[in-house]
Amino acid sequence: MPSVFTKIIAREIPAHVVYEDDLVIAFLDISQATKGHTLVVSKSEVENVYGLSDELAGHLFRVAARLARAIQKAFSPAGLNVLNNNGAVAGQTVFHFHLHLLPRYEDDDVTLAFVNHMDDTGQEDYKERANLIKAALS
Ligand code: 5GP
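Residues numbered from 1 in each chain as written. Predicted model: local features only at pLDDT ≥ 70, side-chain atom pairs only at ≥ 80, totals over all residues. Heavy atoms only, no water.

J.: I keep staring at unusual backbone geometry and nothing clicks. Help me out?
T.: Generally, phi is negative for residues other than glycine and the peptide bonds are trans, each holding for most cases. You will see that Arg11, though not glycine, has its phi angle at about 60°, which is positive. Mapping Arg11 onto the fold places it in the loop between helix H1 (4-9) and strand S1 (17-20). Positive phi, close to 45°, is recorded for Ser76, a residue that is not glycine. Residue Ser76 is classed as exposed on the basis of its relative accessible area, which comes to 55%. (Helix = DSSP H or I, 4+ residues; strand = E, 2+ residues; numbered from the N terminus. Buried < 20%, exposed > 50% of the residue type's maximum accessible area, 1.4 Å probe, protein only.)

Structure follows, in structure tokens:
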């Protein structure tokens, strides 16, 4: 389904494009959560990670790694998150596949916190979860 990113790809709305090829475009996220925050976007209207072909997934990540190195060189961040949200509950707001490259600085105001549930996850839970994923792969 067409999205705001479709309009950026078609140059119907402006964006600060930093990279483009036949499959992928990358531009600055308008929010600039941190300096250099960049989105790597599939040109085809794939909604989320579940719809990526192997070829497109591989290419997106190759481009993301290349851009991460460029961001590292350009801004010397202390770290960098590669993030992807799938589904509203996971924080997705634009339903057109994209990776966030989020440079991290010592004094930034980003909050990304995972609660550790190791203490209330039994060995049987780990086994069952791993087996379910492995079975679904085949
Ligand atoms: P999501 O929440 O889906 O993972 O990320 C969507 C991102 O797209 C947000 O970080 C938001 O700031 C960015 N965004 C939304 N609309 C525009 C736009 O028109 N231009 C640009 N450059 N970024 C946008």
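J.: I would appreciate a short explanation of the site of the ligand in the present structure.
T.: Looking at the ligand, there are 16 residues lining it, with Leu28, Asp29, Asn85, Thr93 and His100 nearest. One of the backbone nitrogen or oxygen atoms of Gly91 is found 2.9 Å away from an oxygen atom of the ligand. Among the secondary structure elements, those contributing two or more residues to the shell around the ligand are H1, strand S2 (24-28) and strand S5 (98-104). Across the shell around the ligand, the residue classes break down as eight nonpolar, seven polar and one charged. (Near = heavy atom within 4 Å. Polar contact = N/O pair within 3.5 Å; in protein donor to acceptor, adjacent residues only side chain to side chain. Nonpolar A, V, L, I, M, F, W, Y, C, P; charged D, E, K, R; others polar.)

J.: What exactly am I supposed to notice about helix H2 (residues 54-75) here?
T.: Structurally, the α-helix is built with 3.6 residues per turn, so residues lying three or four positions apart point the same way. For H2, which comprises 22 residues, the first-to-last C-alpha distance of 31 Å matches the rise-based estimate of 32 Å (1.5 Å per residue) to within 8%. By the burial criterion, the buried members of H2 are Leu56, His59, Leu60, Val63, Ala64, Leu67, Ala68 and Ile71. Contacts from the buried residues of H2 go to S1, S2, strand S3 (38-42), strand S4 (79-83) and S5. (Expected span 1.5 Å × (residues − 1). Contact = heavy atoms within 4.5 Å.)

J.: Can you walk me through the packing of aromatic side chains in this structure?
T.: The relative placement of two aromatic rings is captured by the distance of their centres and the angle of their planes. Overall, the coordinates contain one aromatic pair when judged by the stated rule. Considering the side-chain rings of Phe5 and Phe27, the 5.4 Å spacing of their centres and the 70° angle between planes classify their relative orientation as edge-to-face. In this pair, Phe5 is assigned in helix H1 and Phe27 in strand S2, connecting sequence segments 22 residues apart. One exposure class covers both Phe5 and Phe27, and it is buried. (Phe/Tyr/Trp six-rings, centres within 6.5 Å; stacked < 30°, edge-to-face > 60°.)

J.: Whenever I open this one, the pairing of S3 confuses me. Can you help?
T.: The two faces of the sheet receive side chains in turn, since in a regular strand these alternate between them. Most of S3 is tucked away, with five of its five residues classed as buried. Residues Thr38, Val40 and Ser42 of S3 are buried on one face, and the alternating residues Leu39 and Val41, pointing to the opposite face, are buried as well. Direction of pairing for S2 relative to S3: antiparallel, over a ladder of five bridges. Bridging from a neighbouring strand, Val24 pairs with Ser42 of S3. (Pairing = 2+ DSSP bridges.)

Shape is all these values report; function is a separate question.
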